[in-house]
Amino acid sequence: MPNMSTPHLARPLVHAWRRKAATASLLALAASSAASMEYHDNVVRFDVFPAAQVLLVGGDFTVREHLVTAGQDPSDEIRDGTVLRLPASDPTMNFRAGRHPSVAVADWFKQQVPVNGYTFGDPPKQLNFAVRGQLHLVVTHTSRSPSWTTEYTVEDIVLAQGSQSDQTNWWFGGKSCKRPAGQTSRVVCKATAGSGLEASLTFKRGDNARDQIQLVKITPPRFDPVYLEREYVGEQLGCTVPKFRCPPYVTYLTKSGELEPLKLATRNGDLVDFFGKPFDTREGDLGRDNRPAAIFVVTLKGEIYASIVHVQGLVHHSSLINGGAVAAAGEISVNAGRIVVANSCSGHYKPSALQTQQQLAEALTRLGYIGSIPLRNCGVPEPPGP
């Protein structure tokens, strides 16, 4: 009679053999993957499109989060918190890793960026690696004279690399980016200018054979309007309050040539007046903080007009813009072209301190002013000296 226990005795040996074979296969697969892993210099270049009329002065990219295909960065060459510099002489970034694509990286990329927020018309299927971070650029605008230098920061930018045949391609996008209608290679991204105001930057990816991202356009911040207080509307035509001060009425500089002498400009980074002399307010009327100052307005085009004459009931902020809307208004103290302090004191317009700070800073930057812009809230006294 056959021994029926033999198969039962052999079964553990079969299972052990299978486990050993499976382990050997996994080890062989791991060894094969390790052998095929090779570090590459994955370099992408940031260029500026000539028609953008800006020059790249410098910048950097700070890695906040990243994902690399498993086994393709065993030495952790790509690290969160790394700051990659973008000097004007060589605006490139190098992400050292292997080049094996995976679905996992592509899925992570799609989680970071809206479907219309990256520089391809179709979503990625596989990617080698992806990084999310902050892009900071310093540029000089050359569209007019004098040129002006400012900075722009774009949060949550995502860069990723894919592969096609023997070539790499770069994916670029972000949470605040959006492809223009009919475009598949460009995105427009919200940015914060150095003044704190919102701007927009347009980027374009290179072709598959070009490891390149181009900055093709900058739309500077627009100036938000502050309107004349209702009680002062018509002040140039008749009495507002108090009536005993009228006439004469508040003067509006409506005649040709009256306003131009009050327009500020810059030379070598300092404020100058209409005649090219360093602007100075030390002989001006006293401001709210009992310091000689000029009243100023910033127009919605970013022009700055200032008057060291400020006469109650006769010359006000509204005089400098004929009662129109302003981007900012207040008082400014200047010594030999350098700003000592500014404030948002204007009863005719009542801008917020934050709006005055941001929009005055933006206008001065575009004007070519180089220097600090100390700003105090209206009515806040100057701190005592030492």
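Note that the structure is a prediction, hence the values are computed from the model and not measured.

S.K.: Looking at this structure, I do not really get the overall build of the protein chain. What am I missing?
M.R.: A tally of helices and strands in the protein chain yields 3 helices and 18 strands. Across the 386 residues in the protein chain, those meeting the buried criterion constitute 44%. For the protein chain, the proportion of contacts with a sequence separation of at least 24, taken over those separated by at least 6, is 64%. Here the protein chain displays about 20,100 Å² of accessible surface, and carbon together with sulfur accounts for 53% of that area.

S.K.: Mind showing me how you'd approach unusual backbone geometry here?
M.R.: Among all residues except glycine, the phi angle is most often negative; among peptide bonds, the trans geometry is most common. In the Ramachandran plot, Asp-76 falls in the positive-phi region, its phi being about 55° despite a non-glycine side chain. For Asp-76, a relative accessible area of 45% puts it in the partly exposed group. Unlike most non-glycine residues, Asn-268 shows phi in positive territory, near 55°. Tracing the sequence through the fold places Asn-268 in the loop between β12 (265-267) and β13 (270-272). Judged by its relative accessible area of 74%, Asn-268 is exposed.

S.K.: Looking at this model, I keep getting lost on the environment of His-136. Mind explaining?
M.R.: Structurally, His-136 can be placed in strand β5 (residues 129-141). Here His-136 falls in the buried class, since its relative accessible area comes to 16%. C-alpha of His-136 to C-alpha of Phe-61: the two residues are 75 residues apart in sequence and 6.3 Å apart in space. Setting aside anything within four residues of it in sequence, one finds His-136 in contact with Gly-58, Gly-59, Asp-60, Glu-151, Tyr-152 and Thr-153. Within polar-contact distance, the side chain of His-136 engages the side chain of Glu-151 at 2.6 Å.

S.K.: Just to check I follow, could you spell out helix α2 (residues 103-112) for this structure?
M.R.: One turn of an α-helix holds 3.6 residues; hence residues three or four places apart share an orientation. Among the residues of α2, those classed as buried are Val-105, Ala-106, Trp-108, Phe-109 and Gln-112. The buried residues of α2 occupy one face: seen down the axis, they fall within an arc of 160°.

S.K.: Which parts of the structure should I look at to understand the nonpolar core?
M.R.: One recurring pattern in soluble globular proteins: nonpolar side chains tend to sit buried together. If you look at the biggest cluster of nonpolar residues, it comprises 37 residues, and the most contacted ones within it are Phe-95, Phe-172 and Phe-203. For Phe-172, the contacting residues outside a window of four places in its chain are Phe-46, Gly-117, Tyr-118, Thr-119, Leu-135, Ile-157, Val-158, Leu-159, Val-187, Cys-189, Phe-203 and Ile-213. Counting residues in hydrophobic clusters, the runner-up holds 20 residues, among them Phe-279, Ala-306, Leu-367 and Tyr-369.

S.K.: Can you help me understand the sheet that holds strand β17 (residues 338-343) in this one?
M.R.: Two orientations exist for strands paired in a sheet by backbone hydrogen bonds: parallel and antiparallel. If you walk across this open sheet you meet the 5 strands as β15-β14-β16-β17-β18, and the pairing is mixed. Each end of this open sheet is capped by a strand with a single partner; those strands are β15 (304-307) and β18 (375-376). Pairing analysis gives 2 bridges linking β17 to β18, with the strands arranged parallel. Considered in β18, the bridge of Asn-343 is made with Arg-376. With respect to the sheet, helix α3 (residues 353-367) is in contact with β14 (294-298), β15, β16 (328-335), β17 and β18, its orientation differing from that of β14 by roughly 80°.

S.K.: Before we go on, may I ask you to explain the pairing of β15 in this structure?
M.R.: Looking down a regular strand, the side chains alternate between one sheet face and the other. Alternating residues of β15 divide into Ile-304 and Ala-306 and Tyr-305 and Ser-307, and every residue in both groups is buried. Bridge analysis of β14 against β15 gives 4 bridges, and the strand direction is antiparallel. Its bridge partner being in β15, Val-298 is matched across the sheet by Ile-304. Where β14 hands over to β15, the hairpin turn is made up of 5 residues, of which Gly-302 adopts a positive phi near 90°.

S.K.: Just to check I follow, could you spell out a nonpolar patch on the surface for this structure?
M.R.: Taken together, the side chains of Ile-308, Val-309 and Val-311 define a hydrophobic patch exposed on the protein surface, amounting to about 190 Å² of accessible area. Note on placement: Val-309 falls in the loop between β15 and β16. Overall, the relative accessible area of 40% leaves Val-309 in the partly exposed class.

S.K.: Mind showing me how you'd approach the packing of aromatic side chains here?
M.R.: The description of an aromatic ring pair uses the distance of the two centres, along with the angle that the planes make with each other. Applying the stated criterion to the full structure yields 10 aromatic pairs. Between the aromatic rings of Tyr-118 and Trp-171, the centroid separation amounts to 5.8 Å while the plane-to-plane angle is 55°, which identifies the pairing as tilted. One end of the pair, Tyr-118, is in the loop between α2 and β5; the other, Trp-171, is in strand β7 (residues 167-174), with 53 residues separating them in the sequence. Put simply, the rings of Phe-109, Tyr-118, Phe-120 and Trp-171 pair up and form one aromatic cluster. Over the aromatic face of Phe-120 sits the side chain of Arg-205, whose NZ or CZ is 3.8 Å from the ring centroid.

S.K.: Help me understand the state of the cysteines in this model?
M.R.: In a disulfide, the sulfur atoms of two cysteines are covalently bonded to one another. Scanning all chains against the criterion turns up 2 disulfides. Put simply, Cys-177 and Cys-189 are joined by a disulfide, and their sulfur atoms are 2.0 Å apart. A torsion of 105° about the S-S bond marks the disulfide between Cys-177 and Cys-189 as right-handed. In this pair, Cys-177 is assigned in strand β8 (residues 177-178) and Cys-189 in strand β9 (residues 186-193), connecting sequence segments 12 residues apart. Residue classification places Cys-189 among the buried residues on the basis of a relative accessible area of 0%.

S.K.: Can you help me understand the pattern of salt bridges in this one?
M.R.: Two side chains bearing opposite charge may form a pair once their charged atoms approach each other closely. Here the structure, examined in full by the defined rule, presents 13 salt bridges. Glu-77 is the partner of Arg-96 in a salt bridge, and the nearest nitrogen-oxygen pair spans 3.9 Å. Here the residue Arg-96 occupies a position in strand β4 (residues 92-97), and Glu-77 occupies one in the loop between β2 (54-68) and β3 (83-85), the gap between them amounting to 19 residues. Classification of Arg-96 as partly exposed rests on a relative accessible area of 30%. Between Lys-263 and Glu-303 there is a salt bridge, with its nearest N and O atoms 3.4 Å apart. Taken together, the residues Lys-263 in the loop between β11 (212-219) and β12 and Glu-303 in the loop between β14 and β15 connect sequence positions 40 residues apart. By relative accessible area, which is 28% here, Lys-263 ends up partly exposed. With a relative accessible area of 25%, Glu-303 lands in the partly exposed category. Here the salt bridges share partners, and the residues they tie into one network are Asp-41, Glu-77 and Arg-96.

Criteria and cut-off values
- Residue numbers run consecutively from 1 along every chain, following the written order of its sequence.
- Only residues with pLDDT of at least 70 are given local features in this predicted model, and only at 80 or more are side-chain atom pairs given and counted; all residues enter the totals for whole chains, interfaces and linings.
- With hydrogens and water set aside, each side-chain value is computed from the structure's full complement of heavy atoms.
- Put simply, DSSP marks the helices as runs of H or I at least four residues long and the strands as runs of E at least two long, and each gets a number from the N terminus on.
- Using a 1.4 Å probe on the protein chains alone, a residue whose accessible area is under 20% of its type maximum counts as buried, one over 50% counts as exposed, and one in between counts as partly exposed.
- Throughout, a residue-residue contact means that at least one pair of heavy atoms, one from each residue, lies within 4.5 Å.
- For every accessible area listed, the method is Shrake-Rupley and the probe measures 1.4 Å; residues are considered covered only by the protein chains on display.
- In protein, a polar contact requires one atom able to donate a hydrogen and another able to accept it; more generally it is a pair of N or O atoms within 3.5 Å, and residues adjacent in sequence count only if both atoms are side-chain atoms.
- Here the arc refers to the set of directions running from the helix axis out to each C-beta atom.
- Side-chain atoms within 4.5 Å are what join buried Ala, Val, Leu, Ile, Met, Phe, Trp, Tyr and Cys residues into a set we call a nonpolar core.
- Two strands pair under a simple rule: DSSP has to find at least two bridges between them.
- The convention used is that axes are lines fitted to C-alpha atoms, helices contributing only their stretch in contact, and that angles between N-to-C directions extend from 0 to 180 degrees.
- For patch detection, residues must exceed 30% relative accessible area and be free of salt bridges, and they are connected within 9 Å for like charges or within 5 Å for nonpolar side chains (Val, Leu, Ile, Met, Phe, Trp, Tyr).
- For this analysis, a salt bridge means a side-chain nitrogen from Lys or Arg found within 4 Å of a carboxyl oxygen belonging to Asp or Glu.
- Two rings from Phe, Tyr or Trp (for Trp, the six-membered ring) form a pair when their centres sit within 6.5 Å of each other. Planes less than 30 degrees apart are called stacked, planes more than 60 degrees apart edge-to-face, and all others tilted.
- Charge-over-ring contacts are defined here by two conditions on Lys NZ or Arg CZ: a distance within 6 Å of the ring centre and an angle within 35 degrees of the ring normal.
- Cysteine sulfur atoms that come within 2.5 Å of each other are treated as a disulfide pair.

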